[in-house]
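# A structural walkthrough
Residues per chain are reported as follows:
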Amino acid sequence: MKRLILIILIPFLLLAQDKQSALNSINSDDIYNSLKFLASDSLKGRAAGSDENIIAAMFIANKFKEYGLKPLIKRDNFKLPVLEDEDDRSNNFEVSAASFYNEYFQRFSFEKTKLTENNNLSVIGLSENSEYSKSYTFGVDYFIQYYGSASLNANAPIVFVGYGITKGVNGYNDYLDSTGKEIDVKGKIVVLVDGYPQQRDTASIFSKDRNPQYRNPLRKADAALEKGALGVILISSPLMVDPQIQVKYERLSKAFLKSSDHLLEQPKKSLPIIYVSRNVVSDIFEGTGFKLKDFLEKLEKSLKPGAFTFKNKKMAFSVNIKNELVNTQNVVGFLEGTDPVLKNEVVVIGAHYDHVGLGYYGAMDPKSVGQIHNGADDNGSGTSGILELAEAFSKNPPKRSILFTAFTAEENGLIGSKYYVYEQPLVPLDKTVAMINLDMISRNNEKMLWVGGAFYSDDLRMVVEEANKEVGFELFYNVGLLINASDQAPFLKRKIPVLFFFAGDHEDYHTPKDDIEKVSTEKASNVTKLAFLTADIIANRIQKPLYKELSLDERAKLVKESSNRQKQFTK
C-alpha cells in the first residue's frame, strides 16, 4: 500500500518541480538584460516601420528560436538592417541576414494619412444667368477634421439640418422638414449647428439625456455619412457666446493636422467636418431670407425641426491628404501543447514592442519631438516579460498550446493586434481560449497592479486571483477605458476573454525620460510570474474560461472595491 502511494506521488512531485523550475527561471536580471537592449538609444524608440523596429523584432525572434518556439510563417527573405553601435548588443545577439527571422515575422503594411494645408472652401451663389463664388483661407476662415484615407473634392447643393441630431429624445430628428418629412441629403453638403436644443437649460430633456451625438461632431458626421452626405459644415450657435473659431478651436486645429493610421484592408470611412468662421456663416445664409438666430430661438420652444435645401446656394471644397505606406511586422512564436486534444486550442500571450520613436507622433511634450523616446516601461518591460514567459513555458509546456506574439504599431492605434485579429489570425479565433497582454509592468508601488478584463469574464478574474496567492499583488480592476487602449482590445471585440496586466501610468509616459533607470525590474519580474501562473492554470485546466459581460451593478461594485483599496497607496 505504501509502495503504491509512492508510485502515484512521484509523477505529481516531478510535475510540481518542473513548474517551480519554470517559474524560477523568470528573474529580474534577465528582464534587465533584455530591457537594456530594447530600450537602448541605438534602437531610437523602436517606431513601427523603422530599421530599429526591425532590429528589435529580430532580437525577439532570436529569443523565440533559442527557447524552441516554432515559427508559423513561410516566406521569402527580405533585406534586414544592421545596428550602428556594436556596443549596444546584448545576450550575444547577432544581427545578420539569417533566414529564420522571416519565419517568425508576420509582416503587413499600414497607411499613415495626414491632412495637408492645401485645401479649398468656397460658397457659390446661383442666379438665372450666372453664378459667383467666394473663397476662404484655410486656418483663418475654416479648419478641417478628417480621418479618411483619400483626398476629396465636392461641388454640391447645401442642406441645413439644424443641430444634425438623428436620434434625439422623444423621436427628435433634425433631418425632418417643417412638414415632418425627412429631407434627402444624399450627394449634398450638410450645414449643422454645434451643440443641441435647450443647451443653456441644464434641466432640459436633452441635457439630462446626455446622448453623445448632442455634443460630439464626429457622431453627427457619422449620421450624415450614413445618409449619403458628402461633407459637414459645422457652425457655432448664435445663441451661445462663442469666441472666434481661431480661439475656440486653437488646440483642436493642431490635432486635426496630425497623422492618423489604418490598415490597408480597413480604410476609414469618414466625412470631412469643416469648422467655419462667422464670415463664412454669413455668406452661406446671405440672400436666403433665413434668420438662423430666429429659427433656433423658435426651436428652443417648439422642438420642431425645419430642415431645408438652399435654393440659390452651393458650396465647394477640396480636402487634400498625404499618404505614406509603412511596412512592419509582428513577431510570433508557437509552443505546442502536450495534450493530444487540448493542444488544438491556444492561449495568446502578447505585448507590444514598438514605441513612439523620436516623438513625431505620440509625444506628450511637443518640445521633446526629435528626441529619442526609449519606452523602457512602455513597453520594453512587457516585451521583456513575454520573453521570460517564452523561456519558462518552454521548460514546462502546458496541455494547451501557447502563441507568443510581440505586436508592433500599438502606438499607431493597435494596428499590429488589429491585423492579427481582423486580417490574419495564425490560429483560428474560435480555438483561442484567452488572451493575456502585458503593457507597462515596471513602475509605481511594488504591490500595485491593475488587471483589465474582469468586466468580461468572472472566470479569468477568479483565475488571476488564485494565481496571485503565490505572488501577493494588490489587484485593482478599475482600469476604465484603458481596456480599449492596448492590444487586448481587438480580441475583446471578438468576445475572447482577456487579461491586461498594467502597473499604472506615470509622469514619464511618452517622454524621453521613460528610461531603464526608472523601471523596477523586480516588479516586472513579479508581474511576469503572475502572468505565468495565470496562463499555466488557463492552459492546463480542461474547462475554458467563458466570455461573460458583467452587469453595470457588478462592475460598479468591483470599481468601488478597487478604488477603496487603492486609497491606502495614495495617502
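Definitions and limits used
- Residues numbered from 1 in each chain as written.
- Predicted model: local features only at pLDDT ≥ 70, side-chain atom pairs only at ≥ 80, totals over all residues.
- Heavy atoms only, no water.
- Helix = DSSP H or I, 4+ residues; strand = E, 2+ residues; numbered from the N terminus.
- Buried < 20%, exposed > 50% of the residue type's maximum accessible area, 1.4 Å probe, protein only.
- Areas by Shrake-Rupley, 256 points an atom, 1.4 Å probe, with all protein chains shown as cover.
- Lys, Arg positive; Asp, Glu negative; His and termini not counted.
- Charge placed at Lys NZ, Arg CZ, Asp CG, Glu CD.
- 1 Å grid on protein atoms, 1.4 Å probe; cavity = no way out; pocket = protein on both sides within 12 Å on 5 of 7 lines; lining within 4 Å.
- Points joined across faces, edges and corners; volume = space filled by probe spheres on them.
- Nonpolar A, V, L, I, M, F, W, Y, C, P; charged D, E, K, R; others polar.
- Phe/Tyr/Trp six-rings, centres within 6.5 Å; stacked < 30°, edge-to-face > 60°.
- Expected span 1.5 Å × (residues − 1).
- pLDDT = per-residue confidence, 0-100.
- Contact = heavy atoms within 4.5 Å.
- Pairing = 2+ DSSP bridges.
- Axes fitted to C-alpha atoms, helices over the stretch in contact; angles between N-to-C directions.

### Re the overall build of the chain
Broken down by element type, the chain carries 17 helices and 17 strands. Expressed as lengths along the three principal axes of its C-alpha atoms, the size of the chain is roughly 105 × 55 × 50 Å. Taking all 571 residues of the chain together, 54% fall into the buried category. Put simply, the chain shows about 26,300 Å² of open surface, and 50% of that area lies on carbon and sulfur atoms. Each charge class in the chain was averaged separately, 71 positive and 73 negative side chains, and the resulting centres sit 6 Å apart.

### A closer look at the layout of surface pockets
Computed from the structure, the largest pocket encloses a volume of approximately 1,600 Å³. In terms of lining, the largest pocket is formed by 39 residues, of which the most central are Lys258, Ser259, Ser260, Asp261 and Asn412. When residues of the lining of the largest pocket are traced back to their parent elements, those giving at least two are strand 1 (105–115), helix 9 (250–256), strand 8 (260–263), strand 11 (321–335) and helix 13 (415–423). Here the lining of the largest pocket is built from residues that sort into 12 nonpolar, 12 polar and 15 charged.

### Structural notes on the packing of aromatic side chains
All chains considered together, the criterion is met by 27 aromatic pairs. Between tyrosine 172 and phenylalanine 206 the ring centres are 5.2 Å apart and the planes differ by 85 degrees, which places this aromatic pair in the edge-to-face class. One end of the pair, tyrosine 172, is in the loop between strand 5 (152–160) and strand 6 (189–193); the other, phenylalanine 206, is in helix 5 (residues 205–209), and 34 residues separate them in sequence. In terms of burial, tyrosine 172 and phenylalanine 206 fall into one category: buried. An aromatic cluster is present here, built from Phe160, Phe285, Phe290, Phe295, Phe308 and Phe310 joined pairwise through their rings.

### Observations concerning the environment of arginine 215
Looking at the secondary structure, you find arginine 215 in helix 6 (residues 212–215). Between the alpha carbons of arginine 215 and glutamine 199 there is a distance of 9.8 Å; along the sequence they are 16 residues apart.

### Notes on helix 12 (residues 376–395)
The first and last C-alpha atoms of helix 12 sit 27 Å apart over 20 residues, in line with the 28 Å expected at 1.5 Å per residue. By the criterion of burial, helix 12 is predominantly enclosed, with 18 of the 20 residues buried.

### Re unusual backbone geometry
At the junction of aspartate 378 and asparagine 379, the peptide bond is cis and its omega measures out at -5 degrees in the coordinates. As for its placement among the helices and strands, asparagine 379 is situated in helix 12. Even without being glycine, lysine 44 reaches a positive phi, approximately 50 degrees. The residue lysine 44 is located in the loop between helix 2 (28–38) and helix 3 (51–66) in this model.

### Observations regarding the confidence of the model for the chain
Model confidence for the chain is summarised by a mean pLDDT of 90, while 92% of its residues fall at 70 or above. Low pLDDT, under 50, characterises residues 1–8; the stretch is placed with 0 contacts to residues that sit more than four places away or in other chains. The low-confidence segment residues 86–91 (pLDDT under 50) makes 13 contacts with residues lying over four places distant or belonging to another chain.

### As for helix 3
Residue pairs three or four apart in sequence face the same way in an α-helix, which turns once every 3.6 residues. The end-to-end C-alpha separation of helix 3 is 23 Å, in line with the 22 Å expected for 16 residues at 1.5 Å each. Turning to helix 3, its buried residues are Glu52, Asn53, Ile54, Ile55, Ala56, Ala57, Met58, Phe59, Ile60, Ala61, Lys63 and Phe64. Of the surrounding secondary structure, the elements contacted by the buried residues of helix 3 are helix 2, helix 4 (100–104), strand 1, strand 11, helix 12 and strand 13 (401–407). A positive backbone phi angle near 85 degrees is found at glycine 68, which sits one or two residues after helix 3.

### Side note on the sheet that holds strand 14 (residues 432–438)
Pairing in this open sheet of 9 strands is mixed, and the strands run 8-1-11-13-12-14-17-15-16 from one edge to the other. The open sheet has two edge strands with one neighbour each: strand 8 and strand 16 (474–476). For this sheet the average axis-to-axis angle between neighbouring strands, irrespective of direction, equals 25 degrees. Two elements, strand 15 (residues 448–452) and strand 16, share 3 bridges in a ladder whose sense is parallel. Counterpart to leucine 449 in the pairing with strand 16 is leucine 475. Strands in contact with helix 16 (residues 521–540) are strand 12 (346–352), strand 14, strand 15, strand 16 and strand 17 (498–502); relative to strand 14, the strand with the most contacts, it is inclined by about 175 degrees.

### Side note on the sheet that holds strand 9 (residues 273–276)
Strand order in the open sheet formed by 8 strands is 3-2-10-5-6-7-9-4, with mixed pairing between adjacent strands. Two strands lie at the open edges of the sheet, namely strand 3 (131–135) and strand 4 (142–145), each paired on one side alone. This sheet shows a mean twist of 30 degrees between the axes of neighbouring strands, independent of strand direction. Relative to strand 9, strand 4 runs antiparallel, the two sharing 4 bridges. Paired with phenylalanine 143 across the bridge in strand 9 is tyrosine 275. In the packing of helix 10 (residues 278–285) onto the sheet, contacts are made with strand 2 (120–126), strand 3, strand 5, strand 7 (231–235), strand 9 and strand 10 (308–319), and the angle to strand 10 comes to roughly 140 degrees.

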